[in-house]
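What follows is each chain in one-letter form.
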Amino acid sequence: MEHPGTLVLIMALAVLAPLLGYATGRWLPVPVVIFEIVLGVLAGPDVLGWAHHDQVIDTLADLGLSMLIFLAGYEIRFAEVRGSTLRRAGGAWVLSFAAGLGVALLLSGADLAKSLVIGTALTSTALGAVLPILRDSGRLEGRFGSVVMAFGSVGEFGPIIAMALLFSGRSPGAAGAVLAVFAVVTAGAVFWAMRPRPPWFARLIAVTLHSSGQFAVRFVMLLLAGMLGLAHVFGLDTLLGAFAAGMLTRLVLQGAVPGRSGEILERIEAIGFGFLVPFFYIVTGIDFDLAALLDGGRPLLLLPVFLLLFLLVRGVPAYLLAPRDLAGRPSRSALGLFASTCLPLVVAITAIGLDEKVIGAGEAAALVAAAMVSVLVFPLLAFRLLRREKGDGGRAVPGRTAETGEAW
C-alpha cells in the first residue's frame, strides 16, 4: 500500500460523517452520504490535499460501488413489483429516457456519446435512499409505498441496462445479443434460486449464523463475486452483475430461510454500509473536481439546470403515468419527487463518462452536485406534499429518517 495514511483518513471520515448527520438531524435531516462526499472533497486535492490514490484504495472504492448496487438489487420485492403498476413504471422510464436523451442532445450540441451519458444519468432513481425514509414514516407497506417501489426499481434497473447496452464499446446489436445471453444465464440462476433448498442448507445457516463460520454471509459474498465475474466474462459493466446478485440473494434467502433473511441482511449491510459503501462515497468526494465546478461559467450554471432536469425528465413522466388509484395530486407529485431523487447511479455513470473521456470534468461535477441536492431536498418536499392529504394529521417525518436512508 502506497498511502496507508489515506486509508486511515478515509475511515476516520467515515466515522465522522454519521456523527455530523446525528448532530444536524434534530434541525434538518441531512443524509449521511452528503457528509461523506463533502468530507471527501475537503480531504481531496482541491481543498486540503490530504488524500492520495493507490491501487488498494481504488479497489476498495470499486467494491463499495458493487456492494451499493448489490443492496439496491436486494431491495426489489418481486411480489410487489408487477402488473399494471410495473408496466406504468416501465413506460415512465422509457419516456424519461427519450426526454433525457433529447434534452442532452440540445445541451451537448448533438454530441451523441455525451448525450447518452447525461441522458441516462437523468433517468435514475436512488431507491435505496427512498425506501428507508418511507419505512420509517410508515408508508412503505401501503399502496403508495408499493408504487414508489415499482417506479424506483425500474429507475435503478433501467439505467443499469442502458449502461450495459450503450457503454460496452460494442455495436448496439452485438451488445444486445451479449446482454440477451447474460439474461438467459441469469434467468437460469433465478430458476435455481427459486427451487427449494435442501434441509441441510437452512440448518447450516442457523448453526453458523452466530459463530465464526457465517455460512450465509459467505454464501452471499460468493453469489456477488460470481455474478461480478460473469458480467466481466460477458464484457458487461460489473454493476449489472452486482444488481443481479442482489436480486438472486433475496430469492435464495426468502426461499430457504425466510425467518432469518432479515438477520442475514443486517450482516451484509454491516459490511456494506459500515465499510465499503462509505469508502466509495468518500473516494467519490476525493475525486470530485471542485475546481472545475467553481471555475465559473458553464459548470456552475449547469448545477441548477440539472437539478431542474431531474424533476422534468424523471419526475414528470412518473407523475403523468402514476397509477389511477393514486388519484390525489399531492401523492402523484410526491411520487415524482421520490422518483427524481438520485445519486448512486449518477456517480457511477459520470465516472464511466470521465473514464471514457466522453464528458468533461465540469459537467460531471455539476451532475453529481445536482444529484446530491436532490437527495437532500426532494424527499423533504415530497413529505410536505404528503402531509397535506386528508387523514394524515400533519404527521412529521420521524427523526430516524436522517440516520437510515442516507447511507445511500
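Structure first, text after, so check above.
Residues numbered from 1 in each chain as written. Predicted model: local features only at pLDDT ≥ 70, side-chain atom pairs only at ≥ 80, totals over all residues. Heavy atoms only, no water.

Draft legend 1. Highlighting the overall build of the protein. Within the protein, the regular secondary structure consists of 18 helices and 0 strands. A buried classification covers 53% of the 408 residues belonging to the protein. A sequence separation of at least 24 residues applies to 80% of the contacts in the protein between residues at least 6 apart. When the accessible surface of the protein is summed, it comes to about 17,200 Å², and 66% of that surface belongs to carbon and sulfur atoms. (Helix = DSSP H or I, 4+ residues; strand = E, 2+ residues; numbered from the N terminus. Buried < 20%, exposed > 50% of the residue type's maximum accessible area, 1.4 Å probe, protein only. Contact = heavy atoms within 4.5 Å. Areas by Shrake-Rupley, 256 points an atom, 1.4 Å probe, with all protein chains shown as cover.)

Draft legend 2. Highlighting the packing of aromatic side chains. Tallied over the entire structure, the rule returns 10 aromatic pairs. An angle of 35° between the planes, with centres 5.5 Å apart, marks the rings of Phe 157 and Phe 243 as tilted. Here Phe 157, found in helix 7 (residues 143–166), pairs with Phe 243, found in helix 11 (residues 238–256); they are 86 residues apart in sequence, far enough to count as distant. Phe 157 gets classed as partly exposed once you look at its relative accessible area, which sits at 34%. Measuring from ring centre to ring centre gives 6.0 Å for Trp 200 and Phe 201, while their planes differ by 65°; the resulting arrangement is edge-to-face. The class for Trp 200 is partly exposed, based on a relative accessible area of 46%. Residue classification places Phe 201 among the buried positions, given a relative accessible area of 4%. One aromatic cluster is present, built from ring pairs that chain together Trp 200, Phe 201, Phe 215 and Phe 219. Lying across the ring of Tyr 74, Arg 250 places its NZ or CZ 4.7 Å from the centre. (Phe/Tyr/Trp six-rings, centres within 6.5 Å; stacked < 30°, edge-to-face > 60°. Lys NZ or Arg CZ within 6 Å of the ring centre and 35° of its normal.)

Draft legend 3. Quick look at the environment of Phe 243. Looking at Phe 243, the relative accessible area reads 1%, which means it is buried. Along the backbone, Phe 243 and Ile 160 are 83 residues apart, and their C-alpha atoms lie at a distance of 8.3 Å. Contact partners of Phe 243, with chain neighbours within four places excluded, come to Ile 69, Ala 72, Gly 73, Ile 76, Glu 156, Phe 157 and Ile 160.

Draft legend 4. Broad picture of the pattern of salt bridges. Here the structure, examined in full by the defined rule, presents 4 salt bridges. Note that Lys 114 and Glu 363 form a salt bridge whose closest N and O atoms lie 3.2 Å from each other. Here Lys 114 is found in helix 5 (residues 112–121), whereas its partner Glu 363 is found in helix 17 (residues 361–386), with 249 residues between them in sequence. Glu 363 shares its class with Lys 114; the two are buried. Glu 263 is paired through a salt bridge with Arg 267; the nearest N and O atoms lie 3.6 Å apart. With Glu 263 and Arg 267 both in helix 12 (residues 261–287), this residue pair falls 4 residues apart, about one helical turn. It is possible to trace a salt-bridge network through shared partners that takes in Lys 114, Arg 298 and Glu 363. (Salt bridge = Lys/Arg side-chain N within 4 Å of Asp/Glu carboxyl O.)

Draft legend 5. The arrangement of helix 17 in detail. With 26 residues, helix 17 ought to run about 38 Å at 1.5 Å a step, and its terminal C-alpha atoms sit 37 Å apart, in line with that. The sharpest bend along helix 17 comes to roughly 30°, located at Ser 374. With 19 of 26 residues buried, helix 17 lies mostly within the body of the structure. (Expected span 1.5 Å × (residues − 1). Bend = angle between axes of the 7 residues up to and from the residue.)

Draft legend 6. Region of interest: the side chain of Thr 341. Looking at the secondary structure, you find Thr 341 in the loop between helix 15 (329–340) and helix 16 (344–355). By relative accessible area, Thr 341 is classed as buried at 0%. Ignoring any residue separated from it by four or fewer positions in sequence, one finds Thr 341 in contact with Ser 124, Thr 125, Ala 126, Val 130, Ser 374, Val 375, Phe 378 and Pro 379.

Draft legend 7. Summary view of the environment of Asp 295. With respect to the secondary-structure elements, Asp 295 resides in the loop between helix 13 (290–293) and helix 14 (298–320). Distance from Asp 295 to Gly 362, taken between C-alpha atoms, is 8.5 Å for residues 67 residues apart in sequence.

Draft legend 8. Helix 14, seen in detail. Look at helix 14: 31 Å from first C-alpha to last across 23 residues, which is about the 33 Å you get at 1.5 Å a residue. At Arg 314, helix 14 is bent by approximately 30°, the largest bend along its length, and proline Pro 317 sits one to four residues beyond. Of all the positions in helix 14, only Pro 299, Leu 302, Leu 303, Phe 306, Leu 307, Leu 309, Phe 310, Val 313, Arg 314, Gly 315, Pro 317 and Ala 318 are classed as buried.

Draft legend 9. A look at a nonpolar patch on the surface. Residues Val 38, Leu 42, Val 47, Leu 48 and Trp 50 make up a contiguous nonpolar surface patch of roughly 450 Å² in combined accessible area. Assignment of secondary structure puts Leu 42 in helix 2 (residues 32–43). (Patch = residues over 30% accessible without salt bridge, like charges linked within 9 Å, V, L, I, M, F, W, Y side chains within 5 Å.)

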